[in-house]
Amino acid sequence: MVLRERLQNLLRGARPESTPVTVEADAPGAGSADEADAATQEAPVSTTTTAHPNGHFYSPVVDTAELAERESLLWPDSPRIVGIDFNDASHEDILRRAFPRFMPDYDYPETLEESPQLTDFFTRNSQFSWLDARAYFVLLRHWRPRRVIEIGSGFSTLLAADVNRRFLDGQLDVTCIEPYPREFLLQGVPGVSRLLQAKVQDVDLAEFAALESGDVLFVDSSHVAKTGSDVNFIYFEILPRLADGVRVHIHDIHLPHEYSKDWVLTENRSWNEQYLVRALLMDSRRYVVEFGCNYAFHRFPQLVREAVRSEHGYGGGSLWIRVRES
Ligand SMILES: C[S@@+](CC[C@H](N)C(=O)[O-])C[C@H]1O[C@@H](n2cnc3c(N)ncnc32)[C@H](O)[C@@H]1O
């Protein structure tokens with residue numbers, strides 16, 4: 001089935017096929033801009049009722065009123081996380097050595113129109129910005145991976161592709177896994193090798209097992225662990241199969257803090273991926289923390305200000321961990 005038909009089916013509410021569709025970098029695009037954006041926003045939703053209302057103790061959706069009563073406990077100024085070594089030495093090394101070397105080239109505009117015709121990265125986009133964008137820019141150049149697989153693609157992809165074109169001689173192999181791609185991904189982004197238009201749960205595990213030491217798995221998908229979800233698949237099927245030395249870059253992880261108050265109390269996103277990540281890292285012999293944007297912002301505020309050459313610095317939600325080399 002061609003991409004246009006798949007998008008039209010999506011818009012009609014049909015579920016995407018389970019077989020991934022591969023769009024090679026130089027393939028012509030498919031689907032109109034409106035279709036692509038609608039597809040991004042109109043992922044299938046269920047109309048079935050749930051056994052328990054939101055906020056009930058059996059529901060995964062939180063009760064914001066109850067949490068607001070415990071606000072000071074959940075959002076202390078200095079959270080204490082037991083059992084995770086956030087690796088201060090690595091943060092200091094990256095902020096002191098890598099950022100000063102590469103940040104001077106970070107020259108993206110703050111804003112561009114977020115239209116379907118977009119082809120270039122800009123910093124204040126809706127998905128991937130602040131310290132996260134700057135860290136991705138710096139760390140791709142600092143570590144020079146051979147391959148990146150992005151699970152959940154979009155603005156971050158525009159940034160990785162640009163770094164690849166301008167600073168890595170096009171040597172970085174970027175694979176995107178994205179069931180509801182934006183128009184620019186469908187059109188093909190120079191610097192991106194492949195788009196697998198599929199849910200990650202439908203992608204062959206051999207793709208991930210093939211990553212080698214120094215390669216990067218970027219995780220930025222639904223952020224929700226639930227039965228059959230992408231997040232469960234990533235943490236229970238993909239991560240255990242990664243080779244030693246592979247880096248995992250997980251987005252929207254606010255550790256050592258709780259998810260931001262806004263996301264919890266105002267928006268009630270009820271995301272839960274970071275609780276899996278926290279459990280994964282506790283007393284872990286398999287993973288080493290290398291860099292956390294939120295951790296860096298709070299633990300080394302002055303170094304961050306200097307690193308990003310800004311009076312206030314930037315926070316973020318990217319967490320970079322690595323499978324320990326045995
Ligand atoms: C928070 S957005 C981030 C996208 C991207 N990193 C960016 O910077 O724009 C989350 C993405 O996850 C994708 N997604 C949702 N379910 C997914 C699944 N099962 N497998 C892979 N990606 C999925 C969504 O379509 C969406 O584009």
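Residues numbered from 1 in each chain as written. Predicted model: local features only at pLDDT ≥ 70, side-chain atom pairs only at ≥ 80, totals over all residues.

### Description of the site of the ligand
Neighbouring residues of the ligand: 19 residues in total, closest Gln 127, Gly 152, Gly 154, Lys 199 and Asp 230. Residues that form the shell around the ligand fall into these classes: seven nonpolar, eight polar and four charged. (Near = placed C-beta within 6 Å. Nonpolar A, V, L, I, M, F, W, Y, C, P; charged D, E, K, R; others polar.)

### Digging into the nonpolar core
Tyr 136, Ile 149, Leu 159, Ala 160, Leu 217, Ile 234 and Leu 242 are the most contacted members of the largest nonpolar core, which totals 70 residues. Looking at this core element by element, the count peaks at eight residues for helix α6 (residues 130–143). Apart from residues lying up to four places away in sequence, Ile 149 is in contact with Thr 175, Ile 177, Glu 207, Phe 208, Leu 211, Leu 217 and Phe 218. (Core = buried A, V, L, I, M, F, W, Y, C linked by C-beta atoms within 7 Å. Buried ≥ 20, exposed ≤ 12 C-beta atoms within 10 Å, placed from the backbone. Helix = DSSP H or I, 4+ residues; strand = E, 2+ residues; numbered from the N terminus. Contact = placed C-beta atoms within 7 Å.)

### Comments concerning the environment of Asn 125
Here Asn 125 is to be found in the loop between α5 (88–102) and α6. Judged by the 20 C-beta atoms lying within 10 Å of it, Asn 125 is buried. Sequence separation between Asn 125 and Thr 111 is 14 residues, and the spatial gap between their C-alpha atoms is 7.1 Å.

### Remarks on the pairing of strand β6 (residues 247–250)
Side-chain direction in a regular strand flips from residue to residue, so the side chains alternate between the two faces of the sheet. Side chains Arg 247 and His 249 of β6 all project onto a buried face; the interleaved residues Val 248 and Ile 250 project onto the opposite face, where all are buried too. Pairing of strand β5 (residues 216–219) with β6 involves four bridges; the strand directions are parallel. Considered in β6, the bridge of Leu 217 is made with Val 248. For the crossover from β5 across helix α10 (residues 230–238) to β6, the handedness is right-handed. Across four bridges, β6 lies against strand β8 (residues 319–323) in antiparallel orientation. Within the sheet, the bridge partner assigned to Arg 247 lies in β8 and is Arg 322. (Pairing = 2+ DSSP bridges. Right-handed = clockwise from strand over helix to strand, strands pointing away.)

### A short note on the confidence of the model for the chain
Low pLDDT marks stretches whose predicted atomic positions should not be read closely. Mean pLDDT over the chain stands at 89; residues scoring 70 or higher make up 87%. With pLDDT under 50 throughout, residues 1–40 is counted as low confidence; its partners more than four residues away or in other chains account for 70 contacts. (pLDDT = per-residue confidence, 0-100.)

### Some thoughts on α5
When the terminal C-alpha atoms of α5 are compared, their 21 Å separation across 15 residues agrees well with the 21 Å that a helix rising 1.5 Å per residue should span. Along its length, α5 reaches its greatest deviation from straightness, about 30°, at Ile 94. On its buried face, α5 sits against α6, β7 (287–292), α13 (293–299) and α14 (301–308). (Expected span 1.5 Å × (residues − 1). Bend = angle between axes of the 7 residues up to and from the residue.)

### Some points on the environment of Leu 239
By secondary structure assignment, the location of Leu 239 is in the loop between α10 and β6. Given 20 C-beta atoms within 10 Å, Leu 239 falls into the buried group. Leu 239 sits 30 residues away from Ala 209 along the chain, and the two C-alpha atoms are 9.0 Å apart. Beyond its immediate chain neighbours, meaning those up to four positions away, Leu 239 contacts Ile 234 and Val 248.

### Here we look at unusual backbone geometry
Across residues other than glycine, the phi torsion is negative in most instances, and most of the peptide bonds are trans. Following Leu 255, the chain continues to Pro 256 via a peptide bond in cis, the omega torsion being 10°. Tracing the chain through its elements places Pro 256 in the loop between β6 and α11 (261–266). One non-glycine residue with positive phi stands out, namely Ser 270, at about 55°. Here Ser 270 is to be found in the loop between α11 and α12 (273–281). When the 17 C-beta atoms within 10 Å are taken as the criterion, Ser 270 is described as partly exposed.

### Side note on helix α7 (residues 155–167)
Residues that lie three or four places apart on an α-helix share one face, since the helix turns once every 3.6 residues. Its 13 residues place the ends of α7 18 Å apart at the C-alpha level, agreeing with the 18 Å of an ideal helix rising 1.5 Å per residue. All of the buried residues in α7 are Phe 155, Ser 156, Thr 157, Leu 158, Leu 159, Ala 160, Ala 161, Val 163 and Asn 164. Where the residues of α7 are buried, they touch α6, β2 (147–151), β3 (173–177), α8 (183–187) and β5. Two residues or fewer after α7 comes Asp 169, characterised by a positive phi angle close to 55°.

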